[in-house]
Amino acid sequence: MASKAPNQLGTYLRDRRIRLDPAAFGFGGGRRRTPGLRREEVASRANISPTWYTWLEQGRGGAPSADVLDRIAKGLMLTEPEREHLYMLGLGRLPEARYQPVDGITPRLQRVLDGMALSPAIIKTAMWDVVGWNRAAAILLTDYAKLPREGRNILRLMFGSDHVRARNKDWDSIARFVVGAFRADVARAGANNSAEATKLVAELCRVSAEFEALWQDNDVVAHGEGVKRIHHPDAGLLAMEFSSFAVEGRPELGMIIYNPASLDDADRLCALLDTRKGG
């Protein structure tokens, strides 16, 4: 006779439940036969049937809905990684992304950027706001520190700054690429219908007919890698390869790192960075 498959969802729920302190949630004290919250207490916090919750722990009743899993995650005070694990056990997939606006990055992430002294690098949000950059990026791309917070948006710079347009040799193709990648990013981060995305798109359509036309094309591209040719007033035309990376645990953030495409580009970039030392 075949053995029954382990009930991993039930085991995980039970493990999270017994770790919680009943007194911290206002449940009566006194002696309990087992540690943690009772099943009916978790069900009450999750606003679901005690019978249904018991069945989940026992591996009965079929797969739960996403709404039920979210209620249980809230009731058990799960962290975001724990909630994602709950979804994988219950539904075999990750939950839909929930967009969270970002104001900045951690000191540790900034040190990662600063450690790439010869590679311009930035960290952007799903709205394409630059929230982190290193010295090389400030010299080669844009000195974001001199811009107001709302001015550090890559789309606003691409479609609203003559200076940035002149810096990009292949502006037309880069603009199309940026819009397609932005569309993919807001969808991935669960921000399609967010107030932030709606407001930004409306603003860009209002100030730039070029953006409006590209947005209406509905192109979507993966922001993986490519080559960007940058006109710099001191270093001349530099070909820079770029690669983009996800920030683990932060679906709303992405890192873009630029590296010279040739030895000549590398020499001229190093000379440019050397001349700006102390600046």
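About the thresholds
- Residues numbered from 1 in each chain as written.
- Predicted model: local features only at pLDDT ≥ 70, side-chain atom pairs only at ≥ 80, totals over all residues.
- Heavy atoms only, no water.
- Helix = DSSP H or I, 4+ residues; strand = E, 2+ residues; numbered from the N terminus.
- Core = buried A, V, L, I, M, F, W, Y, C linked by side-chain atoms within 4.5 Å.
- Buried < 20%, exposed > 50% of the residue type's maximum accessible area, 1.4 Å probe, protein only.
- Contact = heavy atoms within 4.5 Å.
- Salt bridge = Lys/Arg side-chain N within 4 Å of Asp/Glu carboxyl O.
- Pairing = 2+ DSSP bridges.
- Axes fitted to C-alpha atoms, helices over the stretch in contact; angles between N-to-C directions.
- Polar contact = N/O pair within 3.5 Å; in protein donor to acceptor, adjacent residues only side chain to side chain.
- Parallel < 35°, antiparallel > 145°, perpendicular 65-115°, else oblique.
- Nonpolar A, V, L, I, M, F, W, Y, C, P; charged D, E, K, R; others polar.

**Structural notes on the environment of F242**
Here is step 1: With respect to the secondary-structure elements, F242 resides in strand β4 (residues 236–247).
Here is step 2: Measuring from C-alpha to C-alpha, the distance between F242 and A261 comes to 9.1 Å, with 19 residues separating the pair along the chain.

**Here we look at the nonpolar core**
Here is step 1: Core analysis: the biggest nonpolar cluster contains 47 residues, and I122, L155 and F159 have the highest contact counts within it.
Here is step 2: Once residues lying within four places of it in the same chain are set aside, the contact partners of F159 are W171, A175, V179, S208, E210, F211 and L214.
Here is step 3: Judged by nonpolar contacts, the second largest core, of 19 residues, contains Y53, A73, L86 and Y87.

**Focus: the pattern of salt bridges**
Here is step 1: Across all of its chains, the model carries 22 salt bridges by this definition.
Here is step 2: The salt bridge partner of R83 is D70, with a shortest N-O separation of 2.9 Å. Placement of the pair is R83 in helix α5 (residues 80–91) and D70 in helix α4 (residues 66–75), with a sequence separation of 13 residues.
Here is step 3: Taking relative accessible area as the criterion, D70 reaches 28% and is therefore assigned partly exposed.

**Let's talk about unusual backbone geometry**
Here is step 1: In the Ramachandran plot, N47 falls in the positive-phi region, its phi being about 55° despite a non-glycine side chain.
Here is step 2: N47 sits in the exposed class, given a relative accessible area of 59%.
Here is step 3: Look at M77: it is not a glycine, yet its phi comes out positive at around 60°.
Here is step 4: Here M77 is to be found in the loop between α4 and α5.

**Focus on the sheet that holds β4**
Here is step 1: If you trace the 5 strands from one edge of the open sheet to the other, you get β2-β1-β5-β4-β3, paired in antiparallel fashion. Both outer strands of the open sheet, β2 (130–133) and β3 (225–232), are each paired with one neighbouring strand and no more. Going from strand to strand, the sheet's axes swing by 30° on average, the running direction of each strand aside.
Here is step 2: When β3 meets β4, the two strands line up antiparallel, connected through 8 bridges. For I230, the partnering residue across the bridge sits in β4 and is L238.

**A word on the side chain of D185**
Here is step 1: Here D185 is to be found in helix α10 (residues 171–188).
Here is step 2: Side chain to side chain, D185 and W128 meet in a polar contact 2.9 Å long.
Here is step 3: Those residues in contact with D185 that sit more than four places away from it in its chain are K124, A126 and W128.

**Quick look at the packing of helix α11 (residues 195–207) against helix α12 (residues 209–216)**
Here is step 1: Contact geometry of α11 with α12 gives a least axis separation of 5 Å together with a crossing angle of 125°. Relative to α12, α11 is oriented oblique. Contacts between α11 and α12 involve V201, L204, C205 and V207 from the first element and A209, F211, E212 and W215 from the second.
Here is step 2: The residue makeup of the contact of α11 with α12, split by class, is 7 nonpolar, no polar and 1 charged.

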